[in-house]
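Coordinate inspection notes
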Amino acid sequence: MPTVSMKVNGDTVSGEVEGRTLLVEFLRDTLGLTGTHVGCDTSQCGACVVHVDGKAVKACTALALACEGQSVTTIEGLAKNGALHPMQEAFRENHGLQCGFCTPGMIMSAVDIVKRNGKKVKEATIRAELDGNICRCTGYHNIVKAIQDGASKM
Amino acid sequence: MHDFNYHRPTKAADAQKLIKKHKDGALMSGGMTLVPTMKQRLAAPSDIIDLTGLGNSGVKVLKTKVTVHAGTTHAEVATDKDLKKAIPSLCALAGGIGDPHVRNCGTIGGSIANNDPAADYPAALVALDATVVTSKRKLSADKFFKGMFETALSRDEIVMAVEFPIPDKSGYAKFPNPASRYAMVGVYVADHGKGNVRVAVTGAGAGVFRQKAMEKALSADFSANAVSGIATKADDLNEDIHASAEYRAHLVGVMAKRAVAGAK
Amino acid sequence: MSDTGIGARVARKEDHRFITGNGRYTDDINLPKQAYAYFLRSPHAHAEIKKIDTKKAQKADGVLGVFTGDDTSADGIGGLICGWMIHSKDGSPMKAGPHPVLAQGKVRYVGDHVAVVVAETYQQAKSAAELINVSYKELDAVVETAKAQSRGAPKVHDEAARNTIFEWELGDKAATDAAFDKAAHVTKLDIVNNRLIPNAIEPRAAIGSYDRGEDHFTLYTTSQNPHVARLVIAAFVGVAPEHKLRVIAPDVGGGFGSKIFIYAEEVVCLWASKKIGGRPVKWTGERSESFMADAHGRDHVTKAELALDGEGKILGLRAKTIANLGAYMSTFSSSVPTYLYATLLSGQYNIANIYCEVDAVYTNTAPVDAYRGAGRPEATFVVERLVETAAREMNIDPAELRRRNFVKEFPHQTPVIMCYDAGDYDASLDKALELADYSGFDARRKSSEKKGKLRGIGFSNYIEACGIAPSAAVGSLGAGVGLWESAEVRVNPTGNVEILTGSHSHGQGHETTFAQLVSDRLGIGIDQVQIVHGDTDKVQFGMGTYGSRSGAVGMTAIDKALDKIEAKAKKVAAHMMEASEGDIEFKEGSFTVKGTDKAMAFGEVALAAYVAHYAPTDDFEPGLKEGAFHDPSNFTFPAGCHICEVEIDPDTGVTEIVNWTAVDDFGTVINPMIVEGQVHGGIAQGVGQALTEGCVYDTDSGQLLTGSYMDYCMPRAGDLPSFQLGFTETKCPSNPLGLKGCGEAGAIAAPAALMNAITDAVGVNDIAMPASPQTVWQAVQSASSKQAAE
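Scoring rules and cut-offs
- Residue numbering note: each chain is counted from 1, following its sequence as written.
- Labels follow written order: the first chain is A, the first ligand is 1, and so on.
- Per-residue local features are limited, in this predicted model, to residues with pLDDT of at least 70; the limit for side-chain atom pairs, both in listing and counting, is 80 or more; totals at the level of whole chains, interfaces and linings are taken over all residues.
- Derived side-chain values reflect all non-hydrogen atoms in the structure, with water molecules and hydrogen atoms excluded from consideration.
- Secondary structure follows DSSP: runs of H or I at least 4 residues long count as helices, runs of E at least 2 residues long count as strands, and numbering of each begins at the N terminus.
- Note on contacts: a residue pair qualifies if any of its non-hydrogen atoms lie within 4.5 Å across the two residues.
- Each accessible area is a Shrake-Rupley result for a 1.4 Å probe, and residues are judged covered by the shown protein chains and nothing else.
- For the purpose of charge, His is not counted, nor are the chain termini; Lys and Arg are scored as positive and Asp and Glu as negative.
- For charged residues, the charge sits on one atom: NZ in Lys, CZ in Arg, CG in Asp, CD in Glu.
- Throughout, radius of gyration means the C-alpha value; the globule benchmark is 2.2 Å times the number of residues raised to the power 0.38.
- Relative accessibility under 20% of the residue-type maximum defines a buried residue, over 50% an exposed one, and the middle range a partly exposed one, all with a 1.4 Å probe and only protein chains included.
- Classification of ring pairs rests on two measures: the distance between centres of Phe, Tyr or Trp rings, Trp counted by its six-membered ring, which must be within 6.5 Å, and the angle between planes, read as stacked under 30 degrees, edge-to-face over 60 and tilted in between.
- A ring is considered to have a charge above it if a Lys NZ or an Arg CZ atom is located within 6 Å of its centre and within 35 degrees of its normal.
- Buried area is calculated as the accessible area (1.4 Å probe) missing from two parts once they are joined, with the contributions of both summed.
- We count a salt bridge whenever a side-chain nitrogen from Lys or Arg sits within 4 Å of a carboxyl oxygen from Asp or Glu.
- All domain edges in this entry derive from an automatic or database-based domain assignment.
- Pairing of N or O atoms within 3.5 Å defines a polar contact, subject to two protein rules: one partner must be a possible hydrogen donor and the other a possible acceptor, and residues neighboring in sequence count only if both atoms are side-chain atoms.
- For this scheme, ten residues count as nonpolar: Ala, Val, Leu, Ile, Met, Phe, Trp, Tyr, Cys and Pro. Four count as charged, namely Asp, Glu, Lys and Arg, and the remainder, Gly too, count as polar.
- Here, the term nonpolar core denotes a set of buried Ala, Val, Leu, Ile, Met, Phe, Trp, Tyr and Cys residues that are joined through side-chain atoms within 4.5 Å.
- Here the axes come from fitting lines to C-alpha atoms, over the contacting stretch only for helices, and the angles between their N-to-C directions go from 0 to 180 degrees.
- By the definition adopted for this analysis, an angle is roughly parallel if under 35 degrees, roughly antiparallel if over 145, roughly perpendicular if from 65 to 115, and oblique otherwise.

**Considering the overall build of chain C**
When its secondary structure is counted, chain C shows 19 helices and 28 strands. C-alpha atoms of chain C, sized along the principal axes, occupy 95 × 75 × 50 Å. Of the contacts formed within chain C by residues at least 6 apart in sequence, a portion of 80% connects residues at least 24 apart. Counting every atom, chain C has about 26,100 Å² of accessible surface; 49% of that belongs to carbon and sulfur. Across chain C, the centroid of the 75 positively charged side chains sits 4 Å from that of the 101 negatively charged ones.

Here you go:
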C-alpha cells in the first residue's frame with residue numbers, strides 16, 4: 001500500500017492508504033480526527049470542509065494521496081494554545097449550531113469566507129458563500145449572525 | 001469506490017505516457033466530478049493520473065487574447081485581477097460555479113474535458129470563440145464540444161490551456177438548478193465587434209449550442225430589447241423534474257436578455 | 001431570575017465539544033475488532049424474490065457473513081411493528097402487512113433491505129454485495145397516493161385489500177353536513193401535502209456488539225428514544241431480552257422525527273454481531289441510503305371544504321384525506337394522519353362542526369412516518385389555506401376573517417377531541433401585524449410592481465398539540481405505550497448535580513435548558529449540573545424526544561424530582577440546624593431557619609446528607625437522590641401567527657422571501673436564544689416544504705428520482721431571509737412550569753404562510769408545493785392568460 005505524509009494541524013503525520021482513500025477517511029479513520037464529518041455522497045453538504053494549504057476544500061472529494069506534502073487544518077486544529085478561534089466563540093455566543101453535525105464544516109467555511117471577504121462581510125455575501133454547506137437545524141439565521149460576529153473579531 | 005493506482009506526474013509528457021500505458025486509466029484535474037462518480041461506483045478506472053502535479057495553472061492576459069492554463073482553478077479565474085479587466089464575465093462565470101470549495105479544486109481543463117451539459121465553461125468557450133490547446137493540437141471551441149459528456153479529445157490527449165480572444169463586451173447569466181446549482185440554463189453572449197456576436201447556451205440541451213437567431217439580432221443591435229421575442233425551440237431541450245423543455249426554452253430568452261443587459 | 005436560571009439567554013453548555021470537533025456521534029465510535037455491514041437493497045419498487053444466490057459473495061475477500069431473510073427467520077427474528085392501533089369506521093382493526101428486517105420473498109420499494117454483507121472493511125462488504133445474485137420477478141408498482149385504492153392497482157400486501165390500511169373518521173358527519181347545507185359561502189380546495197425526506201445531516205448509523213462472555217448486547221445508534229428502541233427490539237423483534245440489551249444513543253446529528261423509529265439496519269447489525277461470533281458490526285448509512293430508506297414525511301392528498309355564513313363566521317369544516325404510508329407501517333405511522341392530524345382541524349377557531357375522513361394506503365414507496373410537526377403541519381395547511389382562500393373569495397381582510405373566528409374563551413372544547421387550555425390568539429395576531437408592518441403592505445406591493453415584481457403576503461395562524469402526551473388519553477386512542485417521562489436527580493456529596501432524563505437531546509439544547517431549570521430551583525450555576533441521557537444502562541426508562549415534549553413533559557418530571565430533593569434536603573437541614581422541618585425555608589441555594597440567622601448552603605446540606613453522621617435511622621435514609629415520572633394531564637397548545645411576504649420574478653418564477661414575521665406563544669420560555677433557534681430551524685424546514693423540497697418517484701417504475709442533493713433541493717442559506725421573531729405568553733396550566741413546547745412550531749406554521757403569500761402574489765387560489773420556479777412561472781403564465789381572456 002502507498003504511504004502518504006502531510007501536515008495535519010501542524011503535526012507531520014503519515015500513514016498507509018489505498019489509492020481510493022479519501023482525505024476525510026484518512027483524517028477520521030487513520031488519524032482519529034473525527035471532528036470532520038461526512039453528511040453526503042455527492043460533495044454538497046459541506047460537513048467535511050477542511051483547509052488544505054489554506055484553501056477550504058471538501059475532504060470527502062479529495063484523495064488522501066493528492067494531499068501529499070500539503071498542510072491540512074481541521075476543526076480540531078482551529079483553537080490555538082487552548083484558546084478558541086474567534087469564529088468558534090462566535091458560533092457559541094450566537095447559537096449558530098444545534099445538533100453540531102454540520103458545525104465543523106460550517107466553521108471551517110466561515111473562517112475561509114472571512115479570510116476572502118474581510119471583517120465587514122455582508123449578510124448577502126455570507127449567504128451566497130454558504131452555498132456549499134447545508135444545515136438542517138438552524139435555518140441559517142444564527143449561522144449568518146455568528147459569521148458576522150466572528151468576522152469582526154478575527 | 002473501487003481501488004485504483006494513483007499517479008501524480010509532474011511533467012505533461014509523463015502524464016501522457018501514463019494515460020497511454022493504462023488503457024483503463026483516467027485523467028483527473030480537480031476531481032470534482034470524477035471522485036463523486038467513482039464513489040457511486042459509476043466509474044472504476046484502474047489508474048488515476050492526477051494532473052494537478054503539472055503546475056499548469058495561471059492566467060496570462062495579453063492585448064487581444066487571454067490564456068488560461070488548464071490547471072487553473074475556478075477560484076483563481078474568478079479572482080484574477082487582469083482577467084477582471086479583460087473579460088469580467090468570465091470571472092463572474094467562474095465565481096458562480098458550484099460552491100467555494102468546488103471552486104478551490106475544480107479546474108477549467110477538467111471542466112471542459114468532462115463537458116457536462118450543465119457546466120458553465122462550455123458556454124463561455126463557445127461564445128468567446130476560444131481555442132483549446134491540447135497536448136497534440138489546437139481546436140476551436142465549436143469543434144471541441146461534441147454533445148453530452150463528449151469532446152473531440154482522444155483518450156490520451158490532455159487539455160493544456162484555453163485561449164480566449166478578448167471581446168468588446170460579454171455577459172453571462174445563469175439560472176441554476178435549485179438543487180444541484182448546475183446551470184439549468186446559462187447563456188453567454190459576446191460581442192466581438194464588427195457585427196460578430198456569439199450567443200452560447202448551456203444547461204438547456206444535450207450540450208452547449210449557439211443561438212443563431214439571437215446572434216443575428218444582436219449583431220444588428222446589441223441590446224436586451226433585440227432578443228425580445230426570439231424564441232428558442234423546445235424540441236431538443238432537456239426535460240427533468242426541475243424544468244420542462246418549454247420552461248428551459250423560455251429561460252433561454254430571459255437569461256439572454258439579462259446577459260446582454262449585464263454585458264461589460 | 002438568576003444568571004443561569006429560567007429565562008436567561010445563556011450560551012449552550014454542549015457547544016464546546018461541537019465547535020472543537022469533539023462531539024461523539026455514532027460513526028465517530030470504533031470498537032476493537034469491529035466489522036462492517038453493507039445492505040443490498042432492492043433496485044425494484046415491487047418484485048418477487050425468486051432466489052438469492054450468495055455463494056460468490058460468501059467467498060469474497062474479507063467477508064465474514066452474508067445473511068438474508070431466511071437467516072433472520074431461522075433465528076426467530078420478528079418483524080418491525082407499528083405501535084399505534086387505528087380502527088376503521090366499521091370497527092375493524094387496521095390491516096397491517098408484515099415488516100421483516102430483511103425481505104421475505106418480496107420487495108416492496110426501491111431501497112428495501114434484501115441482504116446484508118458483513119466484512120472486515122466497508123469497501124469489502126460493498127464489493128461482495130455486488131456478487132450477490134438475486135433473481136427477481138418484477139411486478140407492477142403503485143406509487144401515487146391518489147391511485148393506491150384504484151381498482152386493479154397492484155397489491156402491496158395481501159392483508160390490505162385495495163391497499164387500504166384503514167378508513168378512519170373523526171367528528172360528527174351529519175351535523176357537519178347540516179352546517180354546510182345552511183352555509184352562505186363554501187370554500188373548496190384540493191390540497192396535496194408533498195412528501196418530504198427528513199435529511200438530518202448525520203446519516204443513520206449503528207454498531208451492534210455482542211458480548212459472548214456476558215451473553216449481552218450493546219447497540220450504539222442514532223436514536224431519539226433509546227429506551228423505546230430497546231423495548232421494541234426486545235419485545236417484538238426478539239434479538240435480546242431487555243435486561244441483556246444496552247442501547248446507547250450518543251451525540252445525534254439531528255432527527256426531526258426520522259430517528260424515532262426502529263429500523264431494519266440497526267436491528268440487523270445487532271443480530272449479525274452474534275452471528276459472526278461476537279465481533280461488533282458497524283453500519284453507517286450513505287446519504288443515498290437516507291434518501292431511499294429513512295422514513296419519509298407528509299404525503300397527503302386532501303379534499304377540504306370550509307362553510308361560512310354571510311358574515312364570515314365559520315360554520316363547519318370537512319376534509320377527506322388519503323395518507324400514503326409507503327410500503328410498510330413504520331413505528332408510529334398510523335398515528336400521524338389520524339390523531340396528530342384531524343384533531344387539529346379546528347385551528348385557532350371556534351368551529352362547531354368538523355368531520356374528517358382519512359384513508360391510509362400502502363404504496364411501493366419508502367415508509368412514511370412522523371417528520372417535524374407530524375400531522376399538525378398537514379392540519380394547519382388545510383385550515384389556513386382554507387381560511388385565507390375564504391377571505392379572498394368573500395373580500396374580507398384575511399386578518400379580520402381570522403379574528404372573527406378566534407377561540408376567545410378557555411378552556412375550549414373543539415369537536416375533534418382537543419380541549420385548548422390557554423391562549424390569546426388576538427395578541428399574537430396583533431403583534432405580528434405590527435412587526436410585519438401590515439398596514440404598509442399596499443405601498444410595498446406598489447413599489448414591487450414598479451420593479452416588475454409580484455408581491456404577496458400570507459398568514460398562518462397555527463395551533464399545535466404538543467407535550468405529547470397524556471398516557472390514558474393516547475391509550476384510549478390506540479397508542480401501544482404511555483407517553484409520560486422520567487427523571488432522576490442525583491445530588492453528589494460535593495453539591496453538584498446529575499440529572500438523568502428519559503428525554504434525548506439531538507440539537508435541542510437540553511444540556512443547557514434542563515440545567516437552567518436546576519439552576520433556578522437549587523440556586524447553583526448551570527456549570528454545576530450535568531445532564532445525562534441517551535444510555536439505557538445509565539438512565540431509567542424514558543420515552544425520548546419528539547412531539548415538542550421534552551420541555552413540557554421531560555422538564556416537568558425533573559421539576560417533580562426536584563420537589564422531592566428539596567423536601568428531603570429540608571429534612572436534612574432541619575436536623576443539622578436543630579430546627580423543625582416546617583421552619584426551614586429554601587431560597588437561592590440557601591436553607592435558613594425562619595426567624596433566625598441560621599443558614600446552610602445547598603452544598604453543605606448535600607454533604608451532610610451523605611456524611612450522615614447525624615442521621616437518625618428511624619426517620620430518614622442517607623443520601624440525596626430522587627426520581628419522578630410525569631404523566632401530563634393534557635396536551636399543550638402552542639400557537640402563534642406567522643406572516644410571510646414574498647416577491648416573485650414573473651419572468652423566471654423565482655420566489656424571494658422578503659420578510660418573515662413569527663409571533664409565537666410557547667408559554668414560559670426557558671432560554672430565549674435556544675427557543676428562537678428552534679423557531680428559525682422550524683421555519684426553514686417549512687419553507688423547504690413549500691418552496692424547494694419534494695420527494696419524487698417515477699410514477700411507473702417507482703424509482704426514486706430525488707435520491708441525492710443533486711435533485712432533492714435542501715434549503716440553503718441563500719434561499720432564506722433573516723427572520724423577525726416576537727413572543728406572547730400565556731402560561732400552560734397543565735404543567736407547573738407553564739411550558740408549551742417550541743420545537744415544531746415553525747415547520748407547522750410556515751408552509752401555509754408561504755403558500756398564502758405566493759398565491760396572493762400570483763393571484764390564483766392554489767399552487768402546488770414545492771412552489772419551484774417552474775411551478776410558479778407556469779402559474780403566472782396561466783393567471784395572466786386567464787386575465788387576458790377576461
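**Observations concerning the overall build of chain B**
Summing up its helical and strand segments, chain B has 12 helices and 12 strands in all. Relative to its length of 264 residues, chain B is compact, with a C-alpha radius of gyration of 18 Å against a globular reference of 18 Å. With the C-alpha coordinates aligned to their principal axes, the bounding extent of chain B is approximately 55 × 45 × 30 Å. Counting contacts in chain B only where the partners sit at least 6 residues apart, residues at least 24 apart contribute 58% of the total.

**Brief notes about the environment of C:Glu265**
Residues and elements named next belong to chain C. Among the structural elements, Glu265 can be located in helix H7 (residues 264-275). Judged by relative accessible area, Glu265 falls into the buried class, the value being 0%. Separated by 307 residues in the primary sequence, Glu265 and Val572 place their C-alpha atoms 51 Å from one another. Residues within four places of Glu265 in sequence aside, it is in contact with Phe39, Arg41, His113, Arg204, Trp283 and Ala293.

**Comments concerning the packing of aromatic side chains**
Two aromatic rings, taken as a pair, are described by how far apart their centres are and by the angle between their planes. All names here are of chain C. Evaluated as defined, the whole model comprises 28 aromatic pairs over all chains. Note on Trp484 and Phe541: the rings are 6.0 Å apart at their centroids and 50° apart in plane angle, and the pair reads as tilted. Of this pair, Trp484 sits in the loop between helix H13 (471-476) and strand E19 (485-491) while Phe541 sits in the loop between strand E21 (529-532) and helix H15 (550-576); the two residues are 57 residues apart in sequence, bridging distant segments of the chain. A relative accessible area of 22% places Phe541 in the partly exposed class. An aromatic cluster is built from Tyr349, Phe406, Phe410 and Tyr425, whose rings are joined through pairwise contacts. The ring of Tyr263 carries Arg204 above its face, with NZ or CZ at 3.5 Å from the centroid. The lysine or arginine in question, Arg318, covers the ring of Phe180, its NZ or CZ lying 3.9 Å from the ring centre.

**Describing the interface of chain C and chain A**
With 51 residues of chain C at the contact, the number on the chain A side is 41 residues. A combined buried area of about 3,900 Å² lies between chain C and chain A, and 56% of that area is made up of carbon and sulfur atoms. Applying the counting rule to chain C against chain A returns three salt bridges. Among the ionic pairs, A:Arg136 bridges to C:Glu693, the shortest N-O distance being 2.7 Å.

**Quick look at the interface of chain C and chain B**
Size of an interface, as often reported, equals the accessible area lost when the parts are brought together. Contacts between chain C and chain B engage 22 residues on the former and 22 residues on the latter. Summing both sides of the interface, chain C and chain B together bury roughly 1,800 Å²; the carbon and sulfur share of this comes to 52%. When the buried area of chain C at its contact with chain B is split by residue, C:Met710, C:Gln774 and C:Trp777 rank highest and sum to 30% of it. Summed over the shared surface of chain C and chain B, the result is four salt bridges.

**A short note on the domain arrangement of chain C**
Residues and elements named next belong to chain C. Split into domains, chain C comes out as domain 1 (18-139 + 204-284), domain 2 (297-469 + 634-789) and domain 3 (484-630). Between the C-alpha centres of domain 2 and domain 3 the distance comes to 40 Å. With 20 residues of domain 2 at the contact, the number on the domain 3 side is 17 residues. Broken down residue by residue, the surface that domain 2 buries against domain 3 is led by Ile468, Ile670 and Leu737, which jointly contribute 35%. Scanning the region where domain 2 abuts domain 3 turns up seven residue pairs in polar contact (both at pLDDT 80 or more). Broken down by class, the residue content of the side of domain 2 that touches domain 3 amounts to nine nonpolar, seven polar and four charged.

**Some points on the nonpolar core**
Counting residues in hydrophobic clusters, the biggest one holds 221 residues, and the most contacted among them are A:Phe91, C:Leu345, C:Trp660, C:Leu754, C:Ile758 and C:Val762. At 12 residues, the largest contribution of residues to this core is made by helix H18 (residues 745-762) of chain C.

**Overview of helix H1 (residues 23-30) of chain A**
Residues and elements named next belong to chain A. Along H1, the residues classified as buried are Leu23, Val24, Phe26, Leu27 and Arg28. In the core, the buried residues of H1 are packed alongside strand E1 (3-8), strand E2 (11-16), strand E3 (49-52) and strand E5 (71-73). With its phi angle positive at about 70°, Gly32 sits one or two positions after the end of H1.

**A word on the packing of helix H12 (residues 245-261) of chain B against helix H19 (residues 773-789) of chain C**
Taken N-terminus to C-terminus, the directions of H12(B) and H19(C) make an angle of 85°; their axes are 11 Å apart at the nearest point. If you check the angle between H12(B) and H19(C), you find them roughly perpendicular. For the pair formed by H12(B) and H19(C), the contact residues are B:Glu246, B:Tyr247 and B:His250 on the first element and C:Pro773, C:Gln774 and C:Trp777 on the second. Across the contact of H12(B) with H19(C), the residue classes tally to three nonpolar, two polar and one charged.

**Digging into the domain arrangement of chain B**
Residues and elements named next belong to chain B. What the domain assignment reports for chain B is domain 1 (56-165) and domain 2 (169-261). Between domain 1 and domain 2, the C-alpha centre-to-centre distance is 19 Å. Across the boundary between the two partners, domain 1 contributes 22 residues, which contact 18 residues of domain 2. Carbon and sulfur atoms make up 58% of the surface buried where domain 1 meets domain 2, a total of about 1,700 Å² over both sides. Put simply, domain 1 and domain 2 have four salt bridges between them. Close ionic contact of Arg210 with Asp142 constitutes a salt bridge, the shortest N to O distance being 3.3 Å. One can count 15 residue pairs in polar contact (both at pLDDT 80 or more) joining domain 1 with domain 2. Elements with a contribution of two residues or more to the side of domain 1 that touches domain 2: helix H5 (88-94) and helix H8 (121-127). In terms of residue count, H8 provides more of the side of domain 1 that touches domain 2 than any other element does, five residues in total. Of the residues assigned to the side of domain 1 that touches domain 2, the class counts are 15 nonpolar, three polar and four charged.

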